[in-house]
Amino acid sequence: MSSSSASSRKALSKIACNRLQKELVEWQVNPPSGFKHRVTDNLQRWVIEVNGAAGTLYANETYQLQVDFPEHYPMEAPQVIFLQPAPLHPHIYSNGHICLDILYDSWSPAMTVGSICISILSMLSSATAKQCPEDNDRYVKNCRNGRSPKQTRWWFHDDKV
């Protein structure tokens, strides 16, 4: 998300604020293994450090996720992207966009930031090769000007990686 779109976001609803404060407390008490939340004063945007799991292609590597929460979270999914440099993975585009169904069509309000992180780590851990998606160049070119991954019509066809 570009800084201009970040500043034009609508403020979080009371329900979203309450839910995020509850999730933040839970995170502080029981953070998901392999993740660290970088504390800021912005409840609407979280930056989360991701450590690759031992025994995987991403072991000893660290990446950063940016999670932007919409006004009506958790009824609406947050926007989740990798900050640069994004990991080389068949479902992660070089611009940081992630092709993972729970971030779009399969989102449920029962999901949390922690469950999103665990799903992303699982996706990373199951990779058998470090490579960009086959359509990376075309997709990234079409996403110029700060287009949100939530504006993409994803085609979830490969659940092997």
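Here the structure is a predicted model, which is why all the values come from computation and not from measurement.

1. Focus: the overall build of the chain
So, step 1. In terms of helices and strands, the chain carries four helices and four strands.
So, step 2. When burial is assessed residue by residue, the chain has 43% of its 161 residues classed as buried.
So, step 3. Considering only contacts within the chain whose residues lie at least 6 apart along the sequence, 60% involve residues at least 24 apart.

2. Points about the UniProt feature "active site" (unreviewed entry) in the chain
So, step 1. With numbering matched to this structure, UniProt assigns "active site" (unreviewed entry) to C99.
So, step 2. Structurally, C99 is set in the loop between β4 (79-82) and α3 (113-125).
So, step 3. By relative accessible area, C99 is classed as buried at 12%.

3. With respect to the environment of K10
So, step 1. Along the chain, K10 falls in the loop between α1 (3-7) and α2 (14-29).
So, step 2. According to the relative accessible area criterion, K10 is exposed, its value standing at 57%.
So, step 3. Remark: the alpha-carbon pair of K10 and H72, spanning 62 residues in sequence, is separated by 9.4 Å.
So, step 4. Beyond its immediate sequence surroundings of up to four residues, K10 is in contact with Q44 and E71.

4. Quick word on the pattern of salt bridges
So, step 1. On inspection of all chains with the given rule, the structure shows four salt bridges.
So, step 2. Its salt-bridge partner being D68, residue R45 comes within 2.5 Å of it at the nearest N-O pair. Here D68 lies in strand β3 (residues 62-68) and R45 lies in strand β2 (residues 45-51), a separation of 23 residues in the sequence. Taken as a pair, R45 and D68 share a single burial class, namely buried.
So, step 3. Put simply, R138 and D135 hold a salt bridge, and the shortest N to O gap is 3.0 Å.

5. Some words on the nonpolar core
So, step 1. W46, I48, L65, F82, I98 and I120 are the most contacted members of the largest nonpolar core, which has 36 residues in total.
So, step 2. Here this core gets seven residues from one element, more than from any other, and that element is α3.

6. Details of α3
So, step 1. In a regular helix each residue adds 1.5 Å, so 13 residues correspond to 18 Å; α3 covers 18 Å between its end C-alpha atoms and thus fits that length.
So, step 2. Along α3, the positions that sit buried rather than exposed are V113, G114, I116, C117, I120, L121, M123 and L124.
So, step 3. Against the buried residues of α3 lie α2, β1 (35-38), β2, β3 and β4.

7. A closer look at α2
So, step 1. The terminal C-alpha atoms of α2, which comprises 16 residues, lie 23 Å apart, in line with the 22 Å expected from a rise of 1.5 Å per residue.
So, step 2. Taken as a whole, α2 has its buried residues at A16, R19, L20, E23, L24 and W27. Buried residues in α2, looked at end-on, bunch into an arc of 135 degrees, giving them a common side. In this structure, α2 carries K14, I15, K22, Q28 and V29 as exposed residues pointing more than 90 degrees from its buried face.
So, step 3. Where α2 is buried, its residues touch β1, β2 and α3.

8. Quick notes on the packing of aromatic side chains
So, step 1. On inspection of all chains with the given rule, the structure shows seven aromatic pairs.
So, step 2. Ring centres of F69 and Y73 lie 4.9 Å apart, and the angle between their planes is 70 degrees; on these two criteria the pair is classed as edge-to-face. Exposure class is identical for F69 and Y73. Each is buried.
So, step 3. Aromatic side chains Y73 and W107 sit 6.1 Å apart centroid to centroid with 40 degrees between the ring planes, which places their arrangement in the tilted category. Of this pair, Y73 sits in the loop between β3 and β4 while W107 sits in the loop between β4 and α3, and the two are 34 residues apart along the sequence. Each member of the pair Y73 and W107 is classed as buried.
So, step 4. Within the aromatic cluster, the residues linked to one another by ring pairs are W27, W46, F69, Y73 and W107.

What counts and what doesn't
- Residues numbered from 1 in each chain as written.
- Predicted model: local features only at pLDDT ≥ 70, side-chain atom pairs only at ≥ 80, totals over all residues.
- Heavy atoms only, no water.
- Helix = DSSP H or I, 4+ residues; strand = E, 2+ residues; numbered from the N terminus.
- Buried < 20%, exposed > 50% of the residue type's maximum accessible area, 1.4 Å probe, protein only.
- Contact = heavy atoms within 4.5 Å.
- UniProt positions renumbered as here; feature names shortened; annotations may be inferred.
- Salt bridge = Lys/Arg side-chain N within 4 Å of Asp/Glu carboxyl O.
- Core = buried A, V, L, I, M, F, W, Y, C linked by side-chain atoms within 4.5 Å.
- Expected span 1.5 Å × (residues − 1).
- Arc of directions from axis to C-beta.
- Phe/Tyr/Trp six-rings, centres within 6.5 Å; stacked < 30°, edge-to-face > 60°.

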